[in-house]
Amino acid sequence: MTMKRAMTVAGSDSSGGAGLQADLKTFQEFGVYGMSALTTIVTMDPKNGWAHNVFPTPVEVLEAQIETILSIGIDAMKTGMLGSVEIIELVARKIDELKLDKVVIDPVMVCKGEDEVLHPETAVALRELLVPRATVVTPNLFEAAQLAGTAPIKTIDDMRAAAEKIHALGAKYVLIKGGNKLDHDKAIDLLYDGQEFEILESEKIETTNTHGAGCSSSAAIAAQLAEGKSPREAILVSKDFITEAVRHSWKMNDYVGPVNHGAYHKYGVAEKTRK
């Protein structure tokens, strides 16, 4: 028996809902063997309103992890929180050295619940070094505006304008995740392949329990790419997967509620054919 393999280069979320923990859970849901290279450890302080603390991994330790994984071999990879320009440079170099061609870049710039870019210089490095190497790049509205250098995104037209700018940086497919943040009766994502825009709609689920949604969405895309799906097919499956994960999300404590990674298969959605 052989399994397809995927690598996540991401941070650790000590609460288990996001980061590489979410990535590995998602890989497992799709029958893909997951391996992880830890970039940062993120903890939360329950005595201080769940404030986030970030502890970076030394670059040489990260490189040793990546070398271990690449010696085994991978069919696809994704990134999450990278945390420094040096780490971004390392990841870009490894993509080039191995000529990796199934690369999902989730341009994480803030922790859930935070509203400032962790390190502004990393946004520049993401834009210049990793977006051009992406098979699929998956920014949310905030991240898309940062990558595109535009004002905050508030409409579908804004999403289209940002997607064009991000695609021009070199990404093959741009998926801007609007979710329930737009003033629309559906949860809206926008896919752009350089030629056509495609609006991806799903039921708008009113909940604040969305911790890990972005990580899990990009991990689902990476898993499907590892299995041989086209980028568009992978993105459509991911849309259904994360819709169900949010629908069946739950409240962990007074501060956070994670998505439910098992919902897509547990409730039979995976058996349905997308029309």
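Just above, that's the structure.
This is a predicted model, so every value here is computed, not measured.

Novice: Please give an account of the pattern of salt bridges that cites residues and values.
Specialist: Counted under the stated rule, the structure contains 14 salt bridges. Residue Lys 94 pairs with Glu 67 through a salt bridge whose shortest N-O separation is 2.2 Å. Separated by 27 residues along the polypeptide, Lys 94 in helix H3 (residues 85–98) and Glu 67 in helix H2 (residues 59–72) bring together distant segments of the chain. Lys 94 is paired through a salt bridge with Glu 97; the nearest N and O atoms lie 3.5 Å apart. Note that Lys 94 and Glu 97 are positioned in helix H3 at a spacing of three residues, about one turn of the helix.

Novice: With reference to specific residues and values, describe the pairing of strand E3 (residues 51–56).
Specialist: Sheet topology note: the strand E2 (residues 33–45)/E3 ladder contains six bridges and is antiparallel. In the strand pairing of E3, Ile 41 is matched with Phe 55. In this antiparallel pair of consecutive strands, E2 and E3, the connection spans five residues, and Gly 49 shows a positive phi of 65°.

Novice: So what's going on with the packing of aromatic side chains? Residues and values would help.
Specialist: Scanning all chains against the criterion turns up five aromatic pairs. An angle of 5° between the planes, with centres 5.4 Å apart, marks the rings of Trp 50 and Tyr 255 as stacked. On the criterion of sequence distance, the pair formed by Trp 50 in the loop between E2 and E3 and Tyr 255 in the loop between helix H8 (231–247) and helix H9 (263–266) is long-range, its members being 205 residues apart. Aromatic side chains Tyr 192 and Phe 197 sit 4.3 Å apart centroid to centroid with 15° between the ring planes, which places their arrangement in the stacked category.

Novice: Describe the sheet that holds strand E1 (residues 5–13), and please don't skip the residues or the numbers.
Specialist: Across a sheet, paired strands are connected by hydrogen bonds in the backbone, their directions being either parallel or antiparallel. The nine strands lie next to each other as E3-E2-E1-E4-E5-E6-E7-E8-E9, forming an open sheet whose pairing is mixed. Looking at which strands have only one partner, the edges of the open sheet turn out to be E3 and strand E9 (197–203). In the sheet, E1 pairs with E2 via eight bridges, with the strands oriented parallel. Residue Ala 6 lies in a different strand from E2, and its bridge partner there is Gly 34. Set on the sheet, H8 makes contact with strand E6 (136–137), strand E7 (173–179), strand E8 (186–192) and E9; between it and E9 the angle comes to about 25°.

Novice: Before we move on, can you summarise the packing of helix H5 (residues 141–148) against helix H6 (residues 156–168) with the specific residues and values?
Specialist: Packing of H5 against H6 brings their axes to within 9 Å, and their N-to-C directions diverge by 50°. Comparing the axis directions of H5 and H6 gives the class oblique. Both H5 and H6 take part in a crossing whose hand is left-handed. Only Met 159, Ala 162, Lys 165 and Ile 166 of H6 make contact with H5, whose side of the interface consists of Leu 141, Ala 144, Leu 147 and Ala 148. When the residues that make up the contact of H5 with H6 are grouped by side-chain class, the tally is seven nonpolar, no polar and one charged.

Novice: Before we move on, can you summarise H2 with the specific residues and values?
Specialist: Compared with an ideal rise of 1.5 Å per residue, which puts 14 residues at 20 Å, H2 spans 20 Å between its outermost C-alpha atoms and is within 8% of the ideal. Leu 62, Gln 65, Ile 66, Ile 69 and Leu 70 are the residues of H2 that are buried. Looking down the long axis of H2, one finds its buried residues gathered within 130° of arc, a one-sided arrangement. Across H2 from its buried face, at more than 90 degrees, point the exposed residues Glu 60 and Ser 71. Where H2 is buried, its residues touch E1, E2 and H3. Downstream of H2 by one or two residues, Gly 73 has phi in the positive range, about 105°.

Procedures and definitions
- Residues numbered from 1 in each chain as written.
- Predicted model: local features only at pLDDT ≥ 70, side-chain atom pairs only at ≥ 80, totals over all residues.
- Heavy atoms only, no water.
- Salt bridge = Lys/Arg side-chain N within 4 Å of Asp/Glu carboxyl O.
- Helix = DSSP H or I, 4+ residues; strand = E, 2+ residues; numbered from the N terminus.
- Pairing = 2+ DSSP bridges.
- Phe/Tyr/Trp six-rings, centres within 6.5 Å; stacked < 30°, edge-to-face > 60°.
- Contact = heavy atoms within 4.5 Å.
- Axes fitted to C-alpha atoms, helices over the stretch in contact; angles between N-to-C directions.
- Parallel < 35°, antiparallel > 145°, perpendicular 65-115°, else oblique.
- Left-handed = near helix turned anticlockwise from the far one by under 90°.
- Nonpolar A, V, L, I, M, F, W, Y, C, P; charged D, E, K, R; others polar.
- Expected span 1.5 Å × (residues − 1).
- Buried < 20%, exposed > 50% of the residue type's maximum accessible area, 1.4 Å probe, protein only.
- Arc of directions from axis to C-beta.

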